[in-house]
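What follows is the residue order along each chain.
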Amino acid sequence: MSLASHSSDAVVVARGLTKKFGDRTVVCGIDLTIPRGGCFGLLGPNGAGKTTTLRMILGQSPMSGGTLSVLGLPMPAAIREIHARTGVVPQSDNFYAALNSAVWSGG
């Protein structure tokens, strides 16, 4: 069974996904299908574009080229609905550093 032939069952479908910062291409034409119910990982060395790709999938960074759908919805046209249906758990705590002592003390 080919993942490409069952893209309607996919949670993410990317075709030619590209990200540029100025003249520098940091993600170059990724074709990716992540099936529903599966477990998927992006592996590679530092600077390979893993975080940038994830940020595009989550709508946190605009694509420079290609097409992307998440949960069957087109990105970025359906970004609000995609945001309402997705979530991220970061590897490290980055929320609490933004809080100050007044918040913790109830003041």
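Preceding this paragraph is the structure being described.
None of the values given here were measured: they were computed from a predicted structure. (Residues numbered from 1 in each chain as written. Predicted model: local features only at pLDDT ≥ 70, side-chain atom pairs only at ≥ 80, totals over all residues. Heavy atoms only, no water.)

## What about the side chain of Thr53?
- Checked against the element boundaries, Thr53 lands in helix H1 (residues 50-57).
- Taking the relative accessible area as the measure of exposure, Thr53 reaches 2% and is therefore buried.
- Discounting chain neighbours no more than four positions away, the residues touching Thr53 are Leu17, Val27, Ile30 and Leu42. (Helix = DSSP H or I, 4+ residues; strand = E, 2+ residues; numbered from the N terminus. Buried < 20%, exposed > 50% of the residue type's maximum accessible area, 1.4 Å probe, protein only. Contact = heavy atoms within 4.5 Å.)

## Focus: the side chain of Ser61
- One can find Ser61 in the loop between H1 and strand E3 (65-70).
- Of the residues examined, Ser61 reaches a relative accessible area of 11% and is grouped as buried.
- At a separation of 3.2 Å, a polar atom in the side chain of Ser61 contacts the side chain of Lys19.
- Apart from residues no more than four positions distant in its own chain, Ser61 is found in contact with Lys19, Arg55 and Met56. (Polar contact = N/O pair within 3.5 Å; in protein donor to acceptor, adjacent residues only side chain to side chain.)

## Brief notes about unusual backbone geometry
- That bond from Met75 to Pro76 is cis: its omega, 5 degrees, falls within 30 degrees of zero.
- Among the structural elements, Pro76 can be located in the loop between strand E4 (73-75) and helix H2 (79-85).
- Not every positive phi belongs to a glycine, and Leu71 is a case in point at roughly 60 degrees.
- Relative to the helices and strands, Leu71 is located in the loop between E3 and E4.
- By relative accessible area, Leu71 is classed as buried at 19%.

## Some details on the sheet that holds strand E1 (residues 10-21)
- With antiparallel pairing, four strands are arranged side by side in an open sheet as E2-E1-E3-E4. Of all strands in the sheet, those bounded by a partner on one side alone are strand E2 (24-35) and E4. Averaged over neighbouring strand pairs, the angle between their axes works out to 20 degrees when direction is ignored.
- As judged from the eight bridges shared by E1 and E2, these two strands associate in the antiparallel manner. Residue pairing across strands places Val13 opposite Thr33, the latter belonging to E2. (Pairing = 2+ DSSP bridges. Axes fitted to C-alpha atoms, helices over the stretch in contact; angles between N-to-C directions.)

## Quick notes on the environment of Phe40
- As for its placement among the helices and strands, Phe40 is situated in the loop between E2 and H1.
- For Phe40, a relative accessible area of 41% gives the class partly exposed.

## Side note on the pairing of E3
- Note that E1 and E3 share five bridges and pair antiparallel. Residue pairing across strands places Ala14 opposite Leu68, the latter belonging to E3.
- Here three bridges tie E3 to E4, and the two strands are oriented antiparallel to one another. Following the sheet pairing, Val70 is matched in E4 by Leu73.
- The hairpin turn running from E3 into E4, its antiparallel successor, is two residues long, and Leu71 in that turn takes a positive phi close to 60 degrees.

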